[in-house]
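Reading the structure
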Amino acid sequence: MGKREKFIYNIQTLRFEKVEISWLTIASRALTFLSSAVFTAFLFSIVLYKYFPSPKEKILLQEIEVMKTHYDKVVGDLQTINEEMKHLNERDAYAYRTIFGMNPVDENVWEGGVGGHDEFLSLRDLKHGGASIIHALEKVRKLKHKMVVQSKSLDTIINLANAKENMLASLPSIKPVRSDKLSKMVGLLSGFGYRIHPVYKVPRMHYGLDFTAPKGTPIQATGDGVVKKAEYHSGLW
């Protein structure tokens, strides 16, 4: 059976005439049909991808949800650690002010801004996850900086504590002679400060403490130190 032919009735000639379709019209119709088919297929693919993901896509979507849950937990943990570091900084400042009478670590040093190039520049081009990754990495960077500052501060505190310990150990804290070995009661001993000189009978500064005891009475160190000089005085000082 041959191809179907179309005829139209010409009212002027009163005859049926064969309709001739040009190749341009055929090509235009074919192109229109092809474009419609492609567009329909594209819309169908979008709907299919959105509402009917493939098995592999389902697995990837599940993994993304798991990663998002863990990411949120990591960010929360970083926030908790940062709060703990803040408490450490407050206790650190308390030690400097109260124990050593010094100024604590400067707040600007503690926060530690970073200048120069943008270390997260390559991540800013990621439209979907870039901002979240940068947010987490900035928290990690700040936390690492605070840990370094805190470590150096603790080293300083330890050195100050050792120096203070040595100083406190060197302060006289006991009498060099036991009270029961003294020739006079403690209240009758000649102490530091101005007094009436026992020989000259005039006010003079007394730069020591007198502990009267029999010759050979054992003495004890009142604090850490080194004996640099031992002399005999006639008692006129």
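Reference entry: report on the structure contained in this document. Residue numbers restart at each chain and count upward from 1, following the sequence in its written direction. It should be noted that, the model being predicted, local features are given only for residues of pLDDT at least 70 and side-chain atom pairs only at 80 or more, the latter also being counted only at that level, while totals for whole chains, interfaces and linings use all residues. Derived side-chain values reflect all non-hydrogen atoms in the structure, with water molecules and hydrogen atoms excluded from consideration.

Within the protein, the secondary structure is distributed over 4 helices and 4 strands. Three exposure classes are used, based on accessible area relative to the maximum for each residue type with a 1.4 Å probe and protein chains only: buried under 20%, partly exposed in between, and exposed over 50%. Per-residue burial over the protein gives 14% buried out of 237 residues. Note on contacts: a residue pair qualifies if any of its non-hydrogen atoms lie within 4.5 Å across the two residues. Looking at the protein alone, contacts between residues at least 24 apart form 57% of all its contacts between residues at least 6 apart. Counting every atom, the protein has about 20200 Å² of accessible surface; 62% of that belongs to carbon and sulfur. For helices the rule is a DSSP run of H or I covering at least 4 residues; for strands it is a run of E covering at least 2, with both sets numbered from the N terminus onward. We get accessible surface area from the Shrake-Rupley algorithm with a probe of 1.4 Å; when it comes to residues, only the shown protein chains can shield them.

A few words on the packing of helix 2 (residues 55-99) against helix 4 (residues 130-170). What counts as an axis is a line fitted to C-alpha atoms, over the stretch in contact for a helix, and the angles between N-to-C directions run from 0 to 180 degrees. Where helix 2 meets helix 4, the closest approach of the two axes is 10 Å, and the angle between their N-to-C directions is 25°. When the interaxial angle is binned, helix 2 and helix 4 end up roughly parallel. Viewed along their axes, helix 2 and helix 4 form a crossing whose handedness is left-handed. Looking at the contact of helix 2 with helix 4 residue by residue, the classes come out as 17 nonpolar, 8 polar and 4 charged. Angle categories are assigned with fixed cut-offs, so that under 35 degrees is roughly parallel, over 145 is roughly antiparallel, 65 to 115 is roughly perpendicular, and the rest are oblique. By convention the crossing between two helices is left-handed if the near helix lies anticlockwise of the far one by an angle smaller than a right angle, and right-handed if it lies clockwise. Three classes are used, and their members are as follows: Ala, Val, Leu, Ile, Met, Phe, Trp, Tyr, Cys and Pro are nonpolar, Asp, Glu, Lys and Arg are charged, and the others, Gly among them, are polar.

Let us look at a nonpolar patch on the surface. On the surface, a cluster of nonpolar side chains totalling about 560 Å² of accessible area is made up of Phe44, Val47, Leu48, Tyr51 and Phe52. Counting through the fold element by element, Phe44 comes out in helix 1 (residues 23-51). Residues enter patches when they are more than 30% accessible in relative terms and free of salt bridges; like-charged ones are connected within 9 Å and nonpolar ones (Val, Leu, Ile, Met, Phe, Trp, Tyr) within 5 Å. We define a salt bridge as a contact between a side-chain nitrogen of Lys or Arg and a carboxyl oxygen of Asp or Glu at a distance within 4 Å.

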